[in-house]
Amino acid sequence: MKRCYTIISKLKYSFLVGAICITASLSAQISKKNSENFQFDIPKDNCFNQKKYAKGTGSSYFNFGDILISRAVLPAASFSEGPTSGQYINQGLINQQPVPFFNKQPVQGFSAILNNFDGTFMALSDNGFGSIENSADYNLRMYRIKPEFESIISKGDGSIEILEHIELRDPNHKIPFAITNHFSTSRILTGADFDIESIQRTPNGDFWIGDEFGPFILHFDKNGILLEAPIRLPDFDENGKELRAKQNPFNEEYSALRVMNAMRAHAQKFGGKTPVMSPWFVMLDDGDSTTLVNSRSNPDPSLTSASSEIFNVSSLNNAGHPVVVYTVNDLESMNALLDLGVQGIISDRPDLLLEAIQNFDNDTNGQPDYIDSDGLIDVNLFDAQGHRGARNLRPENTLPAMEAALDYLMPTLETDCGITSDQIPVLDHDPHIESAKTRRVDGTSYTYNDEVLVKDVTLAHIQATYIADKILPGRPAQTNDLSLSPVSIAFANQNNLIDPYIMPSLQQLFDFVDFYVAYYKYGAGVSNSEAEKRWKNASKVRYNIETKINPRTDTDDRGDIFSDRTVDAESFTKAIADLVVKNNLTDRADIQSFDFRTLLIAQEQYPEIRTVCLFGDFPKVGDSGDGTNLQDQNGVNTPWLAGLYWPYRSTILDTPFKVKSSGGFEGMALSTDKKTLFPLLEKPLENSENSNLLVHEFDLESASYTGKKFEYVLNENATAIGDFIMFSRKRGLIIERDGSQGDLNGFKAIYEIKLDPNEAIIEKRHNIDLLDINDIYRISEPGLSGDIGIGQEFAFPFVTIESVVVFNPFLIGVLNDNNYPFSIGRHLGTGLPDDNEFILLWLDEPLGRPWRKTENISKETLEENKNIIVHPNTFTDQVSFSIEAKEQTNISINIYDIFGNSIRKLIANQKHTNNSKYTWNGISDSGSKVKKGTYIAIIDIDGFLTKEKIIKN
């Protein structure tokens, strides 16, 4: 039986090779047929020409179906030079692959392909590791690849050689929003900037790339340099609006992630630490409608209403950004935030925050999650910070306030700083020494009109003149009772301070904490029941020091220019950072600010000090407020973010996300006259009434959308498209797929489509089932143990199949996106990640054939309704063809030998009638009687081909 099967296989192979190796005259005949009848006008590829790869009529003579003719594989673990990547996907192993990838970039995720017509191809890398969150260290590239196809014609080794790559970059600052490498010179683009999924090349060598995050169209030159700003997609159903995905940088919702990526990359450029993201907690995307910014939900008429749900903790965390929120002062909110997964909370009520953390047991093991063996909050697990010490318990930014925070075991003291005229950092929130918080030592009147700027007086003058012990209204728990601050009293007495409530310098705060440790470890507080916890916590306490500086150039309610009220950004940063370095506190101190200029300076000049990026919306309305720190100034981007763009109050309320996540320009066809792009959305719009996908027409000469759009009806079994290309003026191919992998019963298909400029709906016909491919010569074997879809019944069972290239009407190439290191569609037995596979297919039905009346009829319907009888199929004198079909149906019958040679054109496009009878008497077109042997009758019924084997005795 095995020997018989081998003989049959060899016979099939011989027949196939015979069909492939047709005569030159037949090739010319096919070419003529293509030009006259086929809709096919892309350039001829001499490396994959019809002489070498032709398939006669394009039909498989023994019902082979679509045939795997060649295959080349790039192993999953293929890398090129570059910076470390994969840092935000995991640490350890993913599908047996060690991550991150140190000092290298995976060559993976091919999402589109271009034919170079020299045996090489340009393969577009995907965004990296699948999401905006985990791909900030993946450089976007185009790789020039050369497949050495293992083929049934010529035996290459089946490898894919990486020849070179082009890095996509924006050195000319065409991108108006924050990108990961924003502050670099080359501004190399990453997978956190764009999700590039489709590519076309125009005759001048420029590349046009479709993105999903916008979705945008991106225009690059041949060297990968961006030539213009990302081109947005208008919403032609709503005048003045755009179609946006939720990752769109012109909405606030994902802007913080982009800004934080840029700040982190800048810090790392100088060897610094990952910055902390610190937002106002009411602006978190927490699903709680009660936590909001009042000025957003009920704004002044001069402001736009906006959503307050803009900072997503999970997204930021997945991108590697720790989130420490401010200012949270009630237990209910604290508990909700702990459940949400923030990395820290800044609070005016350290007593309540300590209680919340001591009771937080998310893993339900009976032990609080963030408390260490000493009963202290482990700052490596959770950062609990006393805001301005303990603002709701004591007057803020004073030694007694810091003492209260230490008493409640806060692992971090948060404080504001100003800089005096003698360049000394002093604890102070406001540019002026505020009369609402301070009084004069001598008892004389000190009012709003008497207030002086901190920058205009010395520290000695401040501490000899002012006492900051005033109780503020609206803070019922706040007290200045000195009996509650014994350490502050003792410290003031030892240092000859006029009062414990002087405005302390930053150095005095550092000294005070050391004094606090000694007080409870050796001194008067040693007998306190909490003494050990207090000195142990204080001995390692951290400092979060804010630079209170405002870069706005308009005026405050006094008429003073904001930026003139303090020292300059560099002097401000240097005064604080130098003091931190002097006290050997670089591992225990952060510099935080709403003004990112100071953070950039700290990152560049003091990389050993961690920075904290504050975010908040406290708008300036008229003369009130300071604009912190997202608000634009007179319609120009906010000056607070050091040039990083912020789309102030552009949120889902103004522009809803109609494009689904991963639903952008997955496919983008180029017209064969090279004048028009047709970007195709991967998925239906949100809340769409049907499964139709939108295709927009884009004019290359004007680099703009024409306003014309088409609809593509997605198969009910598909969840997305994978690619879209045109091979003639009206014909093209679209890949459709479901979300399965490693499932031979899934849905992976290629449709031939007809794009008629006068029709809104794109017509389609099923052409290729990528899970049902014949590998007659078994070039896919041996594979790995347990591989799926290997062997004679070959399949392409990958979750993402995103690239198709057409060589001629009979030959196409298909390439998968392997999603390294995640997807396992082939190697189910070993559990190894997918490789990049490049396959060439000979099609059972050639591309561009006239569809005639069967345009809208499925293959299955045709099979059910036609009835063809060949009698006798073994004949001596003649054979008859009995065909049941409707009258006026076009019938063609052609006879071929087993080598693919045309023997007899029996009838051509004859109108069928009930009286029609078709017979062949065994005479060839040349008039001679054919020899004994096997012949193939190709019967064309209104464009649908059927193959029937007949034997001449």
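None of the values given here were measured: they were computed from a predicted structure.

S.K.: Explain the overall build of the chain here, please?
M.R.: Counting its regular elements, the chain contains 16 helices and 47 strands. Projected onto its principal axes, the C-alpha positions of the chain cover 130 × 55 × 45 Å. By residue count, 59% of the 953 residues in the chain fall in the buried class. For the chain, the proportion of contacts with a sequence separation of at least 24, taken over those separated by at least 6, is 63%. Side chains of the chain carry 90 positive and 130 negative charges; the gap between the two charge centres is 10 Å.

S.K.: Whenever I open this one, the layout of surface pockets confuses me. Can you help?
M.R.: Space left empty within the atom packing is revealed by a probe, the size of a water molecule, rolled over the atoms. Considered as a void within the structure, the largest pocket measures approximately 1000 Å³ in volume. Where the lining of the largest pocket is concerned, the elements lending two or more residues are β18 (412-419), β22 (542-547) and β23 (589-593).

S.K.: I tried to follow the pattern of salt bridges on my own but got confused; where do I start?
M.R.: Opposite charge on two side chains permits pairing when their charged atoms draw close. Taken as a whole, this structure holds 43 salt bridges when the rule is applied. Residue Arg 391 is joined to Asp 348 by a salt bridge in which the shortest nitrogen-to-oxygen separation is 3.0 Å. In this pair, Arg 391 sits in the loop between β17 (383-386) and α9 (399-407) while Asp 348 sits in the loop between β16 (344-347) and α8 (350-358), placing the two residues 43 residues apart along the sequence. In this structure, Arg 391 and Asp 348 share a single accessibility class: buried. The closest approach of N and O atoms between Asp 416 and Arg 388, which form a salt bridge, is 3.2 Å. One end of the pair, Asp 416, is in strand β18; the other, Arg 388, is in the loop between β17 and α9, and 28 residues separate them in sequence. Residue Asp 416 is classed as buried on the basis of its relative accessible area, which comes to 0%.

S.K.: I would appreciate a short explanation of the sheet that holds strand β42 (residues 879-884) in the present structure.
M.R.: Hydrogen bonding along the main chain pairs the strands of a sheet, whether they run parallel or antiparallel. The antiparallel open sheet is built from three strands, whose spatial order is β40-β42-β45. Each having just a single partner strand, β40 (867-871) and β45 (918-920) make up the two edges of the open sheet. Ignoring which end each strand starts from, the neighbouring axes of this sheet average 15° apart. Of the pairings in the sheet, the one linking β40 to β42 comprises five bridges and is antiparallel in character. Residue pairing in the sheet places Asn 867 in a bridge with Glu 884 of β42.

S.K.: Would you take a moment to explain the pairing of strand β30 (residues 704-713) for this structure?
M.R.: Two elements, strand β29 (residues 692-699) and β30, share seven bridges in a ladder whose sense is antiparallel. Following the sheet pairing, Asp 699 is matched in β30 by Ser 704. What sits between β29 and β30 in their antiparallel hairpin is a turn of four residues, with Ala 703 showing a positive phi close to 55°.

S.K.: Would you mind showing me how to read empty space enclosed by the protein here?
M.R.: With the rule as written, the count across this model stands at six cavities of 30 Å³ or more. The wall of the largest cavity is formed by 17 residues, among which Glu 396, Asp 428, Lys 437, Thr 438 and Ala 468 lie closest to the centre. Across the lining of the largest cavity, the residue classes tally to six nonpolar, five polar and six charged.

S.K.: Honestly, the confidence of the model for the chain in this entry has me stumped. Any pointers?
M.R.: Should pLDDT be low for a region, the predicted coordinates there are not to be read in detail. Averaged over all residues, the pLDDT of the chain equals 90, while 92% of them reach at least 70. Every residue in residues 54-63 scores below 50 in pLDDT, and together they form 43 contacts with partners more than four places removed in sequence or on other chains. Segment residues 853-865 is flagged for pLDDT under 50; beyond a separation of four residues in sequence, or across chains, it makes 18 contacts in the model.

S.K.: Hey, could you run me through the side chain of Glu 697 in this one?
M.R.: Turning to its location among the elements, Glu 697 is positioned in strand β29. Although Glu 697 is buried, it makes no salt bridge; Lys 708 carries the closest opposite charge, 5.0 Å away. Ignoring sequence-local partners within four residues, the contact set of Glu 697 consists of Thr 676, Leu 677, Phe 678, Tyr 705, Thr 706, Gly 707 and Lys 708.

S.K.: Teacher, can you tell me more about helix α4 (residues 255-269) here?
M.R.: Every α-helix carries 3.6 residues per turn, so stepping three or four residues along brings you back to the same face. The first and last C-alpha atoms of α4 sit 21 Å apart over 15 residues, in line with the 21 Å expected at 1.5 Å per residue. In terms of residue burial, α4 counts as a mostly covered element, since 13 of its 15 residues are buried. Within two residues after α4, Gly 271 carries a phi angle of roughly 80°, on the positive side.

S.K.: Got a minute to help me understand the nonpolar core in this structure?
M.R.: Burial of nonpolar side chains together is a common tendency in soluble globular proteins. Phe 311, Tyr 543, Phe 615 and Trp 646 are the most contacted members of the largest nonpolar core, which totals 113 residues. With 10 residues, the top contributor of residues to this core is helix α12 (residues 506-521). Beyond its immediate stretch of four places on either side in the chain, Tyr 543 contacts Thr 412, Leu 413, Leu 509, Phe 510, Val 513, Leu 585, Arg 588, Ala 589 and Asp 590. Phe 121, Ile 725, Phe 807 and Leu 811 belong to the second largest nonpolar core, which has 47 residues in total.

S.K.: What am I meant to see in the sheet that holds strand β12 (residues 216-220) here?
M.R.: The antiparallel open sheet is built from four strands, whose spatial order is β10-β11-β12-β13. Two strands bound the open sheet, and with one partner strand each, they are β10 (196-201) and β13 (231-232). Relative to strand β11 (residues 207-211), β10 runs antiparallel, the two sharing five bridges. Following the sheet pairing, Arg 201 is matched in β11 by Phe 207.

S.K.: I would appreciate a short explanation of the environment of Asp 211 in the present structure.
M.R.: When you line up the elements, Asp 211 lands in strand β11. Taking relative accessible area as the criterion, Asp 211 reaches 0% and is therefore assigned buried. Distance from Asp 211 to Gly 663, taken between C-alpha atoms, is 9.7 Å for residues 452 residues apart in sequence. The residues contacting Asp 211, other than those within four sequence positions of it, are Phe 194, Asp 195, Ile 196, Phe 216, Leu 218, Gly 664 and Phe 665. There is a polar contact of 2.7 Å between the side chain of Asp 211 and the backbone nitrogen of Gly 214.

S.K.: Would you take a moment to explain helix α15 (residues 596-605) for this structure?
M.R.: Summarising burial for α15: seven of the 10 residues are buried, a large majority. All of the buried residues along α15 are Phe 596, Thr 598, Leu 599, Leu 600, Ile 601, Ala 602 and Gln 603. Lining the buried residues of α15 we find α4, β22, α14 (569-582), β23, β24 (610-615) and β26 (628-629).

S.K.: Explain a negative patch on the surface to me, please; I cannot follow it from the model alone.
M.R.: The grouping of Asp 557, Asp 560, Asp 564 and Asp 623 at the surface amounts to a negative patch. Counting through the fold element by element, Asp 564 comes out in the loop between β22 and α14.

S.K.: Could you clarify how one ought to interpret the pairing of strand β8 (residues 141-151) in this entry?
M.R.: The pairing of strand β1 (residues 67-74) with β8 spans two bridges and is antiparallel. Along β8, the bridge assignment pairs Arg 71 with Glu 150. Where strand β7 (residues 121-125) meets β8, four bridges bridge the pair, whose relative direction is antiparallel. By the bridge assignment for β8, Ala 123 is matched with Tyr 143. With nine bridges joining them, β8 and strand β9 (residues 155-167) adopt antiparallel strand pairing. Bridge pairing links Pro 147 to Ile 160 in β9.

S.K.: Any chance you could explain the packing of α4 against α15 here in plain terms?
M.R.: Packed helices, taken two at a time, are described by the angle their axes make and the gap between the axes. Two elements in contact, α4 and α15, have axes whose closest approach is 9 Å; the angle formed by their N-to-C orientations is 30°. With respect to α15, the axis of α4 lies roughly parallel. The residues of α15 that touch α4, namely those facing Val 259, Met 263, His 266 and Ala 267, are Phe 596, Leu 599, Leu 600, Gln 603 and Glu 604. Tallied by class, the residues present in the contact of α4 with α15 amount to six nonpolar, two polar and one charged.

S.K.: Looking at this structure, how should I read the side chain of Ser 485?
M.R.: Note that Ser 485 resides in the loop between β21 (466-467) and α11 (486-494). In contact with Ser 485, other than residues within four places in its own chain, are Arg 394, Pro 400 and Glu 403.

About the criteria used
- Residues numbered from 1 in each chain as written.
- Predicted model: local features only at pLDDT ≥ 70, side-chain atom pairs only at ≥ 80, totals over all residues.
- Heavy atoms only, no water.
- Helix = DSSP H or I, 4+ residues; strand = E, 2+ residues; numbered from the N terminus.
- Buried < 20%, exposed > 50% of the residue type's maximum accessible area, 1.4 Å probe, protein only.
- Contact = heavy atoms within 4.5 Å.
- Lys, Arg positive; Asp, Glu negative; His and termini not counted.
- Charge placed at Lys NZ, Arg CZ, Asp CG, Glu CD.
- 1 Å grid on protein atoms, 1.4 Å probe; cavity = no way out; pocket = protein on both sides within 12 Å on 5 of 7 lines; lining within 4 Å.
- Points joined across faces, edges and corners; volume = space filled by probe spheres on them.
- Salt bridge = Lys/Arg side-chain N within 4 Å of Asp/Glu carboxyl O.
- Pairing = 2+ DSSP bridges.
- Axes fitted to C-alpha atoms, helices over the stretch in contact; angles between N-to-C directions.
- Nonpolar A, V, L, I, M, F, W, Y, C, P; charged D, E, K, R; others polar.
- pLDDT = per-residue confidence, 0-100.
- Expected span 1.5 Å × (residues − 1).
- Core = buried A, V, L, I, M, F, W, Y, C linked by side-chain atoms within 4.5 Å.
- Polar contact = N/O pair within 3.5 Å; in protein donor to acceptor, adjacent residues only side chain to side chain.
- Patch = residues over 30% accessible without salt bridge, like charges linked within 9 Å, V, L, I, M, F, W, Y side chains within 5 Å.
- Areas by Shrake-Rupley, 256 points an atom, 1.4 Å probe, with all protein chains shown as cover.
- Parallel < 35°, antiparallel > 145°, perpendicular 65-115°, else oblique.

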